[in-house]
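# Breakdown of the fold
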Amino acid sequence: MLRILDARTGEPVAAAPARRGLTRIEAYASGLDLTALRVLLTADVLVRALELGGTPVWTILTAPRRHAELRTAATTLAIRPFEDGRDLASGLGEAQVIHVVAENTEPLPSEGPLLTVAPAVWKAPLGSAESPRTADTPTAGEAPAPGSPRDHPPLDLSALPSLLSDPTALRLALLSVPRNMEARLDDDRLGEAAQRLARWRRAVAGWARQPSRPVPDAVRVRLRAAWEEDLDLPGVLAVLRDVESAPGVADGARFETYVYADRLLALDLARDLGSLA
């Protein structure tokens, strides 16, 4: 059973208390910045984890500013579409509502477990130009948006195109950092993520040429134990690193393991199938 840490109480709670009961996931983003994208990514992975367990999910996005641009950036990051919270008239009889917000968000949503996400910060290369205007900066006389996180640096819009030029590498870089820790990204971090993705995709394409084997029971247990324990995505990635070189694991089983985990991670690990001679 997937359990998450409820930031309201500091206690773990079941993400889907009613078996097969509808769960609503509502993500809150104050504008277009890297932390907002990390919030949406966390909500996306939570939805995928619940669906893997057979739980139906209804996803809502509440974003007072730059809603269209945020949706476009999220789609580029392989984040599945959310319904617009502004069109939310009433519930659908959901068993539980989980709110996914940035740390220090004020005011907090009412009722339901609260899943908080630490800031994500982009460190621009030395010598790069900085813009004083960001996506999350209110115009003159404009009040801060409700549900806005405090005390984290917003993303300079000029950095967004380069960050999204390799969206899967950005997705992997964000997933590699525990949700409760600040994700400090720079060109080196993104480069490392891109290299790991390329290596894994080549490996998956090679393993696919061997006879298929089931995911080893012990590996499946480790994967599910990681993502069902408060969405420990770095733990899931650690299992994949172990399987990559573990002795005694058939290549066909490595292939099935990576494809299985990618249902959660959405890193397109099987992209290069058929590309090897």
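Keep in mind that this is a model prediction, so the values were computed, not measured. (Residues numbered from 1 in each chain as written. Predicted model: local features only at pLDDT ≥ 70, side-chain atom pairs only at ≥ 80, totals over all residues. Heavy atoms only, no water.)

Let us look at the overall build of the protein. Scanning the protein from N- to C-terminus turns up 8 helices and 11 strands. The buried share among the 277 residues of the protein stands at 50%. Intrachain contacts of the protein at a sequence separation of at least 6 include 75% that bridge at least 24 residues. Entry remark: accessible area of the protein is about 13000 Å², with carbon and sulfur atoms responsible for 52%. (Helix = DSSP H or I, 4+ residues; strand = E, 2+ residues; numbered from the N terminus. Buried < 20%, exposed > 50% of the residue type's maximum accessible area, 1.4 Å probe, protein only. Contact = heavy atoms within 4.5 Å. Areas by Shrake-Rupley, 256 points an atom, 1.4 Å probe, with all protein chains shown as cover.)

Every buried residue belonging to helix H2 (residues 67-76) is among His67, Leu70, Ala73 and Ala74, and all of these are buried. Along the long axis of H2, the arc covered by the buried residues comes to 130 degrees, so they all point the same way. Residues of H2 that are exposed and point over 90 degrees away from its buried face: Ala68 and Thr75. Contacts made by the buried residues of H2 are with helix H1 (34-52), strand S4 (57-62) and strand S5 (83-84). Phi turns positive one or two residues past the end of H2, at Ala78, with a value near 65 degrees. (Arc of directions from axis to C-beta.)

Bringing the confidence of the model for the protein into the picture now. Reading predicted coordinates in detail is not appropriate for stretches of low pLDDT. In this model, the protein carries an average pLDDT of 86, and 83% of its residues clear a pLDDT of 70 or more. Of all secondary-structure elements in the protein, the lowest mean pLDDT belongs to strand S10 (residues 148-149), at 54, while helix H8 (residues 251-265) reaches the highest, 98. Between residues 151-155, whose pLDDT stays under 50, and residues either more than four places distant or in other chains, the model counts 14 contacts. (pLDDT = per-residue confidence, 0-100.)

Moving on, we come to the environment of Leu237. Take Leu237: it is sitting in helix H7 (residues 233-245). Taking the C-alpha atoms as reference, Leu237 lies 9.3 Å from Ala226; in sequence the two are 11 residues apart. Among residues more than four places away in sequence, those in contact with Leu237 are Leu172, Leu175, Ser176, Arg196, Trp200, Leu265 and Leu267.

Turning to unusual backbone geometry, a few remarks are in order. Residue Pro107 follows Glu106 across a cis peptide bond; omega there is -10 degrees. Relative to the helices and strands, Pro107 is located in the loop between strand S7 (105-106) and strand S8 (114-117). Residues other than glycine seldom take positive phi values, yet Asn104 does so here, at roughly 65 degrees. Inspection of the secondary structure assignment puts Asn104 in the loop between strand S6 (96-102) and S7. In this structure Asn104 comes out as partly exposed when scored by relative accessible area, which is 40%. One non-glycine residue, Leu231, lies in positive phi territory at about 50 degrees. In this structure, Leu231 sits in the loop between helix H6 (217-227) and H7. What makes Leu231 buried here is its relative accessible area of 6%.

What follows deals with the environment of Leu34. For Leu34, the position within the fold is in helix H1. When the C-alpha atoms of Leu34 and Pro119 are compared, they prove to be 7.8 Å apart, with 85 residues separating the residues in sequence.

On to the pattern of salt bridges, then. Inspection of the entire model under this criterion finds 12 salt bridges. Linking Arg171 and Asp44 is a salt bridge whose minimum nitrogen-to-oxygen distance equals 2.8 Å. A residue pair is termed long-range when its members are at least 10 positions apart, and Arg171 in helix H4 (residues 167-175) and Asp44 in helix H1 qualify at 127 residues. Asp44 carries the same exposure label as Arg171, and that label is buried. A salt bridge links Arg224 to Glu228; the shortest N-O distance between them is 3.1 Å. (Salt bridge = Lys/Arg side-chain N within 4 Å of Asp/Glu carboxyl O.)

Turning our attention to the nonpolar core. One finds Ile25, Leu40, Leu46, Leu70, Leu170 and Leu265 to be the most contacted residues of the largest nonpolar core, which totals 76 residues. Here this core gets 13 residues from one element, more than from any other, and that element is H1. Look past the residues within four positions of Leu170 in its chain and what remains in contact with it is Leu34, Leu77, Leu163, Leu164, Leu185 and Leu190. (Core = buried A, V, L, I, M, F, W, Y, C linked by side-chain atoms within 4.5 Å.)

At a closest axis distance of 10 Å, the pairing of H7 and H8 adopts a crossing angle of 165 degrees. One finds that H7 runs roughly antiparallel with respect to H8. As H7 packs across H8, the resulting crossing turns out to be left-handed. Together, Leu233, Val236, Leu237, Leu240, Arg241, Val243, Glu244 and Ser245 of H7 and Arg254, Thr257, Tyr258, Ala261, Leu264 and Leu265 of H8 make up the contact between the two elements. A breakdown of the residues in the contact of H7 with H8 according to their chemical character gives 9 nonpolar, 2 polar and 3 charged. (Axes fitted to C-alpha atoms, helices over the stretch in contact; angles between N-to-C directions. Parallel < 35°, antiparallel > 145°, perpendicular 65-115°, else oblique. Left-handed = near helix turned anticlockwise from the far one by under 90°. Nonpolar A, V, L, I, M, F, W, Y, C, P; charged D, E, K, R; others polar.)

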